[in-house]
Amino acid sequence: MNARDNEPVITSYAKAPARAISAGGVHYAYRELGPKGGIPVIFFVHLAATLDNWDPRIIDPIAKNHHVITFDNQGVGASTGQVPDSIEAMADDAYTFIKALGYQKIDIFSFSLGGMVAQALVLKHPELVRKLVLTGTGPRGGKDIDKVAGTTYYDILRAALTRSDAKEFLFFNRNATGKPAAKAFITRLQERTVDRDAPISVKAFQTQLKAIRKWGRSAPADLSKLTQPTLIANGDNDRMVPSVLSEDMHSRIKGSELIIYPDSGHGGIFQFHDKFAPVAVEFLAR
C-alpha cells in the first residue's frame, strides 16, 4: 500500500503536486491529480510548452473522475536530458516515462506537437493505448506542417512588438472573439502560483521545431493501423497546423470523431473549453 493512497484526491491542476521519476538516465518531471486507479489519462503537451501550459479548464473536468498525469518529456522544463530532433524519438522517451510509472494501458490527451508524439507512440505500441484524443495536430507528412517554424517565429516577433504572449497570436484569431479568449487563456495559465515549472530553453525549443519540420517532410504514416477510439478537435482557422489536417486524420482513422470549432484557431479547444471539456469527459468515460 502506497502512503500516497491515503492522500485526499486533488482535482485542481493549480494544486497538483510536482513529482519526478528517473528512467533511462533521465529525470522526468510530472504532475498528477484526480482519483487513482483505473486507466490514467496522460497529457502530451505542445511546442515550447512545459507543465505550466495546460489549461486548467480542460484538465480539471477530466481529473474529476480520471487519474490525470502531465509530464515534461526529455530536455523540457524541469526534466533533464536533451530534446531529440525527431518525433519518433520523443515518442520513445514518452514510452520510457510511462513504463517507469508502471502502466500497461493508458488514455492519451494530446495537443499540437504532443499529438504528433502521441501518433508515433500509438503506431509503435498499439497495445499501450486504449483511447486517443488528438487536438490541434496533424499527421506525419501532413501538408504545410514543415512551415510551423516560420509561422512561429513570425508570431513571436509580432508578440514581442506588442509585449504580449506569443500564444495570443499563435493560438487565437486576432479578432473580436479571439483577442479576449486569448487574454483569458493566458490568465488561466497563471492560476498555479507555487512550484511552477522551469521554462523551456531556446535550444530545446529550436530542436522541437526541427523535429516538427522533419515530421512534416517525412513519408505519411499508415493511420489506418490506428484502431483505438479517437477524438479529433481543432479550430476552423489553425495557422500553425492547418485545420484541414484534422479532417485528413479523421478520414484516415476509422471510426474517429471530429469537432471543428468556428471562428477559432490552433487553440480552439481552449477558446471553447466550456463546450469541449464535457465532450472529452464523455468520450473518455465510455
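Presented here is an overview of the structure given in this document.

Rules of the game
Residues numbered from 1 in each chain as written. Predicted model: local features only at pLDDT ≥ 70, side-chain atom pairs only at ≥ 80, totals over all residues. Heavy atoms only, no water. Helix = DSSP H or I, 4+ residues; strand = E, 2+ residues; numbered from the N terminus. Expected span 1.5 Å × (residues − 1). Buried < 20%, exposed > 50% of the residue type's maximum accessible area, 1.4 Å probe, protein only. Arc of directions from axis to C-beta. Pairing = 2+ DSSP bridges. Axes fitted to C-alpha atoms, helices over the stretch in contact; angles between N-to-C directions. Phe/Tyr/Trp six-rings, centres within 6.5 Å; stacked < 30°, edge-to-face > 60°. Lys NZ or Arg CZ within 6 Å of the ring centre and 35° of its normal. Polar contact = N/O pair within 3.5 Å; in protein donor to acceptor, adjacent residues only side chain to side chain.

1. Description of helix H2 (residues 87-100)
No. 1: Compared with an ideal rise of 1.5 Å per residue, which puts 14 residues at 20 Å, H2 spans 20 Å between its outermost C-alpha atoms and is within 8% of the ideal.
No. 2: Here H2 has its buried residues at Ile87, Met90, Ala91, Asp93, Ala94, Phe97 and Ile98. The buried residues of H2 occupy an angular sector of 160 degrees when the element is viewed end-on, so they sit on one face.
No. 3: Positive phi shows up at Gly102, right after H2, with a value of about 90 degrees.

2. Things to note about the sheet that holds strand E1 (residues 18-23)
The strands making up a sheet associate through hydrogen bonds between their backbones, and the pairing can be parallel or antiparallel.
No. 1: A sheet is described by the order of its strands in space; here 8 strands give the open sequence E1-E2-E4-E3-E5-E6-E7-E8, paired in mixed fashion. Strands with a single pairing partner mark the edges of an open sheet, and in this sheet they are E1 and strand E8 (257-261). Sheet twist, expressed as the average angle between the axes of neighbouring strands with direction ignored, equals 20 degrees.
No. 2: In the sheet, strand E3 (residues 41-44) pairs with strand E5 (residues 106-111) via 4 bridges, with the strands oriented parallel.

3. Comments concerning the packing of aromatic side chains
No. 1: The final tally for this structure, using the stated rule, is 17 aromatic pairs.
No. 2: Centre to centre, the rings of Phe111 and Phe171 are 5.5 Å apart; their planes meet at 80 degrees, and the pair counts as edge-to-face. Taken together, the residues Phe111 in strand E5 and Phe171 in the loop between helix H5 (166-170) and helix H6 (178-188) connect sequence positions 60 residues apart. Like Phe111, the residue Phe171 is buried in the burial classification.
No. 3: Taken together, a centroid distance of 4.9 Å and an interplanar angle of 10 degrees make the contact between Tyr261 and Phe272 stacked. Here the residue Tyr261 occupies a position in strand E8, and Phe272 occupies one in the loop between helix H9 (268-271) and helix H10 (273-285), the gap between them amounting to 11 residues. Each of the two residues, Tyr261 as well as Phe272, counts as buried.
No. 4: Each residue in the set Phe43, Trp54, Phe109, Tyr261, Phe272 and Phe276 is aromatic and connected to the rest through ring pairs, giving one cluster.
No. 5: Of note, Lys131 hangs over the ring of Phe283, and the distance from its end group to the ring centre comes to 5.2 Å.
No. 6: Sitting above the plane of the Phe169 ring, Arg174 keeps its charged end 4.0 Å from the centroid.

4. Considerations on helix H1 (residues 56-63)
No. 1: With respect to burial, H1 is a largely interior element, 6 of its 8 residues being buried.
No. 2: Among the residues of H1, Pro56, Ile58, Ile59, Asp60, Ile62 and Ala63 are the ones counted as buried.
No. 3: Where H1 starts, the residue carrying a side-chain oxygen 2.9 Å from the main-chain nitrogen of Arg57 turns out to be Asp55.

These figures come from the coordinates and say nothing about function on their own.
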